[in-house]
Protein chains: 2
Amino acid sequence: ASTMTLGEKEQQQEHKEEATGSGGAAAGGQKGKEVVSYWGVQPPKVTKEDGSEWKWHCFRPWETYQADLSIDLKKHHTPTTFLDKLAYWTVKSLRFPTDVFFQRRYGCRAMMLETVAAVPGMVGGMLLHCKSLRRFEPSGGWIKALLEEAENERMHLMTFMEVSKPRWYERALVFTVQGVFFNAYFLAYLASPKLAHRIVGYLEEEAIHSYTEFLKELDKGTIENVKAPAIAIDYWRLPADSTLRDVVMVVRADEAHHRDVNHFASDIHYKGQELKDSPAPIGYH
Amino acid sequence: ASTMTLGEKEQQQEHKEEATGSGGAAAGGQKGKEVVSYWGVQPPKVTKEDGSEWKWHCFRPWETYQADLSIDLKKHHTPTTFLDKLAYWTVKSLRFPTDVFFQRRYGCRAMMLETVAAVPGMVGGMLLHCKSLRRFEPSGGWIKALLEEAENERMHLMTFMEVSKPRWYERALVFTVQGVFFNAYFLAYLASPKLAHRIVGYLEEEAIHSYTEFLKELDKGTIENVKAPAIAIDYWRLPADSTLRDVVMVVRADEAHHRDVNHFASDIHYKGQELKDSPAPIGYH
Ligand SMILES: [Fe+2]
Ligand SMILES: [Fe+2]
Ligand SMILES: [Fe+2]
Ligand SMILES: [Fe+2]
């Protein structure tokens, strides 16, 4: 294909809806929603197991999984060192304003908190990626593990968005909180990955707690146990008749896995090692 | 498992080599290299197709692929708009000092440039991730696609590291260049993703060119065509007797794919759309 003549290339160009960029005729007058491209970059044709078309672009069949609901929800890291206590009390003190703001609106709370929960994995993964490049060193799989955590949290958000729609002042709040939290976590990770992972470990312990409260409200009937969103059924391979309760169960199991991974990462640093010295748990759900 | 008593948990604790963190006895006196953990986080036992143990932690069997060597290496985006020309001449002007610095040492050049090449995908992926969270919007798969590009470039680096070892002043140079390039690309992406992706598109065109030069030197015999590193054989599923030449061929094909993805992404922006409006090419190698 690399011996294609210029004439052939031009012909191919004309087949596009518009000669984007190269033709100088950007935007305007376009009918289709997708950009047909000279670059031959096609989104992959993906089908479900039953042969029907895969309708999600933000995740693919090979990223779906069945949550391990048998995970111990009660594991806890008792803070003893100064840094552990700092991490613990930082998280505990964030809990209070959150409780006041959301009260019993657990659907809304879940949605809002997932926008924050997806930040640490991305920050940690990015910093380890840059370090791996700078030091000419493999990462032991930790870059991937942390990025997977971030993806997983983003899927939690995509799920809860289907159940609870953000209002304008909530969007504004998320905007501000993300700005502050991203930078704070970035600096914390640079200063002490040990502390940063410990904080996430405790945040996940709180997340488990608030999803347990969410389940109680569902069981009491104060929150309606609606049908599970389609995206959740596909992502966690849930039965078609699953409900919001089933979704909260698998999300809570995910949080328990994140708790373990992050406390474990902090423990590695406590041993005076670097993450790359202990292979990462890839695909740990 | 969540009903485990405290006694049982303490017993489990004692089975660890040390009661990390929670016991207060951090580091020291440890024999094994890996942290055995209360958190039960085990790196997955992964085997190769032939049943032997998978020896890489930085990538897994399901991330390996056979490169598509039939890709058109000559595709080029003719710069017509001001932004395109800015992108084009930015890249061209970076070429000159690079040529002077490395001259014909293509192995070294490849290794050094891959430390830079892995930055844009990570920056773009991270920014789109944060945007997706802030706006409560799915990404159309672009977060994943850009992060995959970054992972792929990091694998290029891991491969060339086996062929050429960085010297101390090269390490220092990478340190500085990463600091500058990361921030410059970050700002460029914030200001104009259209420009940022176009720059990467042109960088990849240059990468194809310099890998073609690398192949010429290998064919002339001025660079020794050594055995392919084991990591490359596993990552690109190459035959066991592959050589450096085969590795450069597949890496060059990867660069051509990155070129297409990034020019395509820029084209989408030229249409006045956002990336999420056109599904991303996941697993496009
Ligand atoms: Fe979550
Ligand atoms: Fe979590
Ligand atoms: Fe590369
Ligand atoms: Fe590339």
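Values in this document were obtained by computation on a predicted structure and should not be read as measured data. (Residues numbered from 1 in each chain as written. Chains lettered and ligands numbered in written order. Predicted model: local features only at pLDDT ≥ 70, side-chain atom pairs only at ≥ 80, totals over all residues. Heavy atoms only, no water.)

Trainee: Can you walk me through the overall build of chain A in this structure?
Mentor: A tally of regular secondary structure across chain A gives 8 helices and 0 strands. Ordering the α and β elements of chain A from the N terminus gives α-α-α-α-α-α-α-α. The buried share of chain A, reckoned over its 285 residues, is 54%. Carbon and sulfur atoms make up 58% of the accessible area of chain A, which amounts to about 12600 Å² in all. (Helix = DSSP H or I, 4+ residues; strand = E, 2+ residues; numbered from the N terminus. Buried < 20%, exposed > 50% of the residue type's maximum accessible area, 1.4 Å probe, protein only. Areas by Shrake-Rupley, 256 points an atom, 1.4 Å probe, with all protein chains shown as cover.)

Trainee: Looking at this model, I keep getting lost on the nonpolar core. Mind explaining?
Mentor: Soluble globular proteins: nonpolar side chains tend toward being buried together. Counting 146 residues, the largest nonpolar core has W142, F214 and W236 of chain A together with W142, F160, F214 and W236 of chain B as its most contacted members. Broken down by element, the residue count for this core peaks at 15 residues, all from helix α3 (residues 106–135) of chain A. Contacts of W236 of chain A, omitting those with residues within four sequence positions, involve Y65, Q66, A67, H156, T159, V247, V250, V251 and D254 of chain A. (Core = buried A, V, L, I, M, F, W, Y, C linked by side-chain atoms within 4.5 Å. Contact = heavy atoms within 4.5 Å.)

Trainee: What am I meant to see in helix α5 (residues 168–191) of chain B here?
Mentor: Residues spaced three or four apart along an α-helix face the same direction, because each turn holds 3.6 residues. In this model α5 of chain B runs 35 Å from its N-terminal to its C-terminal C-alpha over 24 residues, within 8% of the 34 Å that 1.5 Å per residue would give. Listing the buried residues of α5 of chain B in full gives E170, V174, Q178, F181, F182, Y185, A188 and Y189 of chain B. On its buried face, α5 of chain B is in contact with α3 of chain A together with α3 (106–135), α4 (142–161) and α6 (193–220) of chain B. (Expected span 1.5 Å × (residues − 1).)

Trainee: Sorry if this is basic, but what is going on with the interface of chain B and chain A here?
Mentor: Accessible area lost upon the coming together of the parts serves often as the stated size of an interface. Taken together, the 89 residues of chain B in the interface contact 91 residues of chain A. Note on chain B versus chain A: buried area summed over both sides is about 8100 Å², and carbon and sulfur give 65% of it. Counting the surface chain B buries against chain A, the share from its top three residues, W39, F136 and K271 of chain B, is 12%. At the junction of chain B and chain A, the tally comes to 4 salt bridges. Where E63 of chain B meets K144 of chain A, a salt bridge forms, and the shortest distance between an N and an O atom there is 3.7 Å. Inspection of the chain B/chain A interface yields 16 residue pairs in polar contact (both at pLDDT 80 or more). Sorting the residues of the side of chain B that touches chain A by element identifies α3, α4, α5 and α8 (244–270) of chain B as the ones contributing at least two each. The biggest single contributor to the side of chain B that touches chain A is α3 of chain B, with 13 residues. Here the side of chain B that touches chain A is composed, by residue class, of 41 nonpolar, 27 polar and 21 charged. (Buried area = accessible area lost by both parts, 1.4 Å probe. Salt bridge = Lys/Arg side-chain N within 4 Å of Asp/Glu carboxyl O. Polar contact = N/O pair within 3.5 Å; in protein donor to acceptor, adjacent residues only side chain to side chain. Nonpolar A, V, L, I, M, F, W, Y, C, P; charged D, E, K, R; others polar.)

Trainee: It is not clear to me how the relation of the copies chain B and chain A should be interpreted in this structure. Could you clarify?
Mentor: Copy one and copy two of the chain differ by a rotation about an axis and a translation along that axis. The two copies are related by a screw motion: chain B maps onto chain A through a turn of 180° and a shift of 0.0 Å along the axis, at an RMSD of 0.0 Å. Taken together, the rotation angle and the small translation identify this as a two-fold axis. Of every C-alpha in chain B, the one belonging to M126 of chain B sits nearest the axis of rotation, 3.9 Å from it. Take the interface residues of chain B: 100% of them recur as interface residues in chain A, which is what a same-surface contact looks like. (Least-squares fit on C-alpha atoms with pLDDT ≥ 70 in both.)

Trainee: Explain the coordination of the iron ion (ligand 1) to me, please; I cannot follow it from the model alone.
Mentor: Any two of four tetrahedral donors ideally make an angle of 109.5 degrees at the metal, while pairs among six octahedral donors ideally make 90 or 180 degrees. Residues and elements named next belong to chain A. Note on the iron ion (ligand 1): its protein donors are E114 (OE), E114 (OE), E153 (OE), H156 (ND1) and E255 (OE). The metal-donor distances range over 2.0 to 2.4 Å. The two metals, the iron ion (ligand 1) and the iron ion (ligand 2), are separated by 3.8 Å and share E153 as a common coordinating residue. Taken together, the residues E153 and H156, both in helix α4 (residues 142–163) and 3 residues apart, mark about one turn of the helix. (Donors = N, O, S within 2.8 Å, 3.2 Å for Na, K, Ca; no water.)

Trainee: I keep staring at the coordination of the iron ion (ligand 4) and nothing clicks. Help me out?
Mentor: All names here are of chain B. Taken together, the protein ligands of the iron ion (ligand 4) are E153 (OE), E204 (OE), E204 (OE), E255 (OE) and H258 (ND1), with distances of 1.9 to 2.4 Å. Written as a sequence motif, the donor arrangement for the iron ion (ligand 4) is E-x50-E-x50-E-x2-H. The iron ion (ligand 3) is placed at 3.8 Å from the iron ion (ligand 4), the two being bridged by E153. With E153 in helix α4 and E204 in helix α6, this pair connects stretches of sequence that are 51 residues apart. Here E153 and E204 have matching classes, each one buried.

Trainee: Is there a simple way to explain the packing of aromatic side chains in this structure?
Mentor: All names here are of chain A. Inspection of the entire model under this criterion finds 35 aromatic pairs over all chains. Each ring, one from Y65 and one from Y235, has its centre 5.4 Å from the other, and the planes form 80°; the classification is edge-to-face. One end of the pair, Y65, is in the loop between α1 (6–14) and α2 (82–102); the other, Y235, is in helix α7 (residues 230–235), with 170 residues separating them in the sequence. Between Y88 and W89, the ring centres sit 5.2 Å apart and the planes meet at 85°, which makes this aromatic pair edge-to-face. The ring of Y270 has K194 sitting right over it, with the charged end atom 4.6 Å from the ring centre. (Phe/Tyr/Trp six-rings, centres within 6.5 Å; stacked < 30°, edge-to-face > 60°. Lys NZ or Arg CZ within 6 Å of the ring centre and 35° of its normal.)

Trainee: Explanation requested: the pattern of salt bridges in the structure shown.
Mentor: Per the counting criterion, the structure on display carries 38 salt bridges over all chains. The salt bridge partner of D99 of chain A is R95 of chain A, with a shortest N-O separation of 3.2 Å. Highlighted residues: D99 of chain A and R95 of chain A, both in helix α2, separated by 4 residues, approximately one helical turn. Assessed through its relative accessible area of 28%, D99 of chain A is described here as partly exposed. Given the relative accessible area of 21%, R95 of chain A is considered partly exposed. In this structure, E151 of chain B engages R154 of chain B in a salt bridge whose closest nitrogen and oxygen atoms are separated by 3.6 Å. A residue pair is termed a helical-turn pair when its members lie 3 or 4 positions apart in one helix, as E151 of chain B and R154 of chain B do in helix α4 at 3 residues. Given a relative accessible area of 9%, E151 of chain B falls into the buried group. Relative accessible area serves as the criterion here: at 3%, R154 of chain B is assigned to the buried category. Connected through salt bridges with shared partners, the residues K92, R95, D99, R109 and E206 of chain A form a single ionic network.

Trainee: Looking at this structure, how should I read a nonpolar patch on the surface?
Mentor: Residue and element names in this part refer to chain A. Nonpolar side chains collect at one region of the surface, where F101, W168, Y169, L173 and V177 lie side by side and expose about 490 Å² of accessible area between them. Counting residues per element, the nonpolar patch draws most heavily on helix α5 (residues 168–191), which supplies 4 residues. Secondary-structure assignment places L173 in helix α5. (Patch = residues over 30% accessible without salt bridge, like charges linked within 9 Å, V, L, I, M, F, W, Y side chains within 5 Å.)

Trainee: Where do I start with the environment of K227 of chain A in this structure?
Mentor: Residue and element names in this part refer to chain A. Relative to the assigned elements, K227 resides in the loop between α6 (193–220) and α7. Accessibility expressed as a relative area gives 60% for K227, which makes it exposed. Between the C-alpha atoms of K227 and W142, which are 85 residues apart in sequence, the distance is 36 Å. Residue contacts for K227: discarding those within four places in its chain leaves A240, S242, T243 and L244.

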